[in-house]
Amino acid sequence: MKFYLGTNWKMHKTVAEALAYTEGLAHYAKDYPQFQFFIIPSYTALWQVRQKVDALGAPIWVGAQNTHWEDQGAFTGEISPVQLKEIGLDLVEIGHSERRQYYNETDFTVNLKTLAALKHGFKALVCVGENMPEKEHGASKSKIATQVQIALNGVKAEDLPRVMIAYEPVWAIGEKGIPAEAPYVFEIHESIRKTLCELYGEQGREVPIFFGGSVNLQNCQSYCGHPDVNGLFIGSTAWQPDSFHQVRIW
Ligand code: PGA
């Protein structure tokens, strides 16, 4: 399995900034074939970023930050998997903690979106993670197992190769996030792997599991080297055009 390095840009970057970043990363990505890079821009930049990646022949996946589960309908402000498919995206991110916190995303809508993304041929990047009170009450593993189980309910084994999980503890995300200790991250990733294997048998070993939440230049290396940490999902540290040059994990 390749090691994955991805970034969600959240509500950042104009189209011009997105294109400049993509161009920089495209040159860099070709020199590091051991990594699968992916970027998740805002909707407004998706089309042009996709064109740019293709024009440069860059080995970078492009994804959307969310999708509705319906193909179309009276859902003002939403975007459908059919519309995203027209752009030719590789993946859809589903259930980021900010969506869960601020936009009423639940495990059940995450499940609907996961099924819709897979139905339309995308890779589904499902985000899970516990909040601080859950961690403090010793409920992290059970919370995350439930999130994974509900997200993947109805996902057929034949579609599993297009599923990816991002473990992002809510308390570690963003400006006020507290970076997680690596041993804790490893323990949770092992537990996610166990859940995947309970659901899909040995096939569960093939699902990449990424870690995210306050990954920075100082701690990025510490999260690598464990067989169940298959990638890093990075926010603000990866938003500068030359960020990935600095994320030295090899
Ligand atoms: P952060 O964001 O790296 O800025 O904490 C991570 C994320 O939300 O995916």
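For the structure given in this document, a descriptive report is provided here.

Quick notes on the layout of surface pockets
- Approximately 1100 Å³ is the volume found for the largest pocket.
- Around the largest pocket sit 39 residues that line it, and Asn8, Lys10, Met11, His96 and Glu98 are the ones nearest its centre.
- It is helix α4 (residues 97–102) that provides the largest number of residues to the lining of the largest pocket, a total of five residues.
- Across the lining of the largest pocket, the residue classes tally to 13 nonpolar, 18 polar and eight charged.

Digging into helix α7 (residues 140–151)
- Taking 1.5 Å as the rise per residue, α7 with 12 residues should run 16 Å; its terminal C-alpha atoms sit 16 Å apart, in good agreement.
- All buried positions along α7 are accounted for by Ser140, Ile144, Gln147, Val148, Ile150 and Ala151.
- Packing partners of the buried residues in α7 comprise α4, α5 (107–119), β5 (123–128), α6 (132–136), β6 (163–167) and α8 (182–200).

Concerning the site of the ligand
- Looking at the ligand, the residues that line it are Lys10, His96, Glu168, Ala172, Ile173, Gly174, Gly213, Ser214, Gly235 and Ser236.
- Contact between the ligand and His96: an oxygen atom at 2.7 Å from a side-chain N or O atom of the residue.
- Ser214 is positioned with one of its backbone polar atoms (N or O) 2.8 Å from an oxygen atom of the ligand.
- In isolation the ligand offers 280 Å² of accessible surface; the protein chains occlude 98% of this area.
- Judged by the proximity of its atoms to the pocket grid, the ligand belongs to the largest pocket.

Criteria and thresholds
- Residues numbered from 1 in each chain as written.
- Predicted model: local features only at pLDDT ≥ 70, side-chain atom pairs only at ≥ 80, totals over all residues.
- Heavy atoms only, no water.
- 1 Å grid on protein atoms, 1.4 Å probe; cavity = no way out; pocket = protein on both sides within 12 Å on 5 of 7 lines; lining within 4 Å.
- Points joined across faces, edges and corners; volume = space filled by probe spheres on them.
- Helix = DSSP H or I, 4+ residues; strand = E, 2+ residues; numbered from the N terminus.
- Nonpolar A, V, L, I, M, F, W, Y, C, P; charged D, E, K, R; others polar.
- Expected span 1.5 Å × (residues − 1).
- Buried < 20%, exposed > 50% of the residue type's maximum accessible area, 1.4 Å probe, protein only.
- Contact = heavy atoms within 4.5 Å.
- Near = heavy atom within 4 Å.
- Polar contact = N/O pair within 3.5 Å; in protein donor to acceptor, adjacent residues only side chain to side chain.
- Areas by Shrake-Rupley, 256 points an atom, 1.4 Å probe, with all protein chains shown as cover.
- Sits in = over half its atoms within 2 Å of the grid points.

Nothing here speaks to function; it is all geometry.
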